[in-house]
Amino acid sequence: MTKVRNGVAPDGSASLLDAVSRAAEVVNSPHYPMPCSVIAPTKEERDSILSQRHVRLVVDLARSAEVTFVSIGSMAEDAPLVRDAFATLAEVRAMIAAGSAGEFTGWA
């Protein structure tokens, strides 16, 4: 299992907890979600996704940001990664067993 930064589940659905879209609406600002899955099944697939032009554009835009807001998600059996189907319970259990204490955009 290889991580890709974003907010899209393996089935293509977006997170119900899309705080970025809501915040952008409040301040009347554009927002740029990552147009790819949170988790790629292999390193090769992750590399392929990250090499796509539309993904690179969002990554480059993020690198030039003057302000960044972040939060750390819980790493537990009832974590949003599991509830929103970004990762299976077995995958989260494996990450916990490997020592993960939290996640940031799918990066344990």
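The name given to the protein chain in an unreviewed UniProt entry is Sugar-binding domain-containing protein, with the source organism recorded as Alsobacter ponti. Quoted verbatim from the Sequence similarities (unreviewed entry) field of UniProt, the annotation for the protein chain is "Belongs to the SorC transcriptional regulatory family."

Caption draft 1: The arrangement of the overall build of the protein chain in detail. Looking only at helices and strands, the protein chain features five helices and four strands. Reading the protein chain from its N end, one meets helices and strands in the order β-α-β-α-α-β-α-α-β. Across the 108 residues of the protein chain, 27% fall into the buried class. Put simply, of all contacts in the protein chain between residues at least 6 apart along the chain, 68% involve residues at least 24 apart.

Caption draft 2: Summary view of the nonpolar core. Ranked by size, the top nonpolar core spans eight residues in total: Val38, Ile39, Met75, Leu81, Phe86, Ala87, Val92 and Met95. In terms of nonpolar packing, the next biggest core, distinct from the first, is built from six residues, Met34, Ala40, Ile49 and Val58 among them.

Caption draft 3: Quick peek at the side chain of Ser100. By secondary structure assignment, the location of Ser100 is in the loop between helix H5 (89-97) and strand E4 (102-103). Beyond its immediate chain neighbours, meaning those up to four positions away, Ser100 contacts Met75, Met95 and Ala108.

Caption draft 4: Examining a nonpolar patch on the surface more closely. A cluster of nonpolar side chains, Val70, Ile72, Phe104 and Trp107, forms an exposed patch at the surface whose accessible area comes to about 390 Å². Tracing the chain through its elements places Trp107 in the segment after E4. Judged by its relative accessible area of 34%, Trp107 falls in the partly exposed class.

Caption draft 5: Inspection of the confidence of the model for the protein chain at higher detail. The pLDDT averaged across the protein chain works out to 79; a share of 82% of its residues lies at or above 70. Low pLDDT, under 50, characterises residues 1-6; the predicted model gives this stretch 37 contacts beyond four residues in sequence or across chains.

Caption draft 6: How the structure looks around the packing of helix H2 (residues 43-51) against helix H3 (residues 53-63). In the contact formed by H2 and H3, the axes pass within 5 Å of each other and the chain directions differ by 75°. Between H2 and H3, the angle falls in the class roughly perpendicular. Residues Ile49, Leu50 and Ser51 of H2 touch H3, and the partners they reach there are Arg53, Val55 and Arg56. Counted by class, the contact of H2 with H3 contains three nonpolar, one polar and two charged residues.

Calculation criteria
- Residues numbered from 1 in each chain as written.
- Predicted model: local features only at pLDDT ≥ 70, side-chain atom pairs only at ≥ 80, totals over all residues.
- Heavy atoms only, no water.
- UniProt positions renumbered as here; feature names shortened; annotations may be inferred.
- Helix = DSSP H or I, 4+ residues; strand = E, 2+ residues; numbered from the N terminus.
- Buried < 20%, exposed > 50% of the residue type's maximum accessible area, 1.4 Å probe, protein only.
- Contact = heavy atoms within 4.5 Å.
- Core = buried A, V, L, I, M, F, W, Y, C linked by side-chain atoms within 4.5 Å.
- Patch = residues over 30% accessible without salt bridge, like charges linked within 9 Å, V, L, I, M, F, W, Y side chains within 5 Å.
- Areas by Shrake-Rupley, 256 points an atom, 1.4 Å probe, with all protein chains shown as cover.
- Salt bridge = Lys/Arg side-chain N within 4 Å of Asp/Glu carboxyl O.
- pLDDT = per-residue confidence, 0-100.
- Axes fitted to C-alpha atoms, helices over the stretch in contact; angles between N-to-C directions.
- Parallel < 35°, antiparallel > 145°, perpendicular 65-115°, else oblique.
- Nonpolar A, V, L, I, M, F, W, Y, C, P; charged D, E, K, R; others polar.

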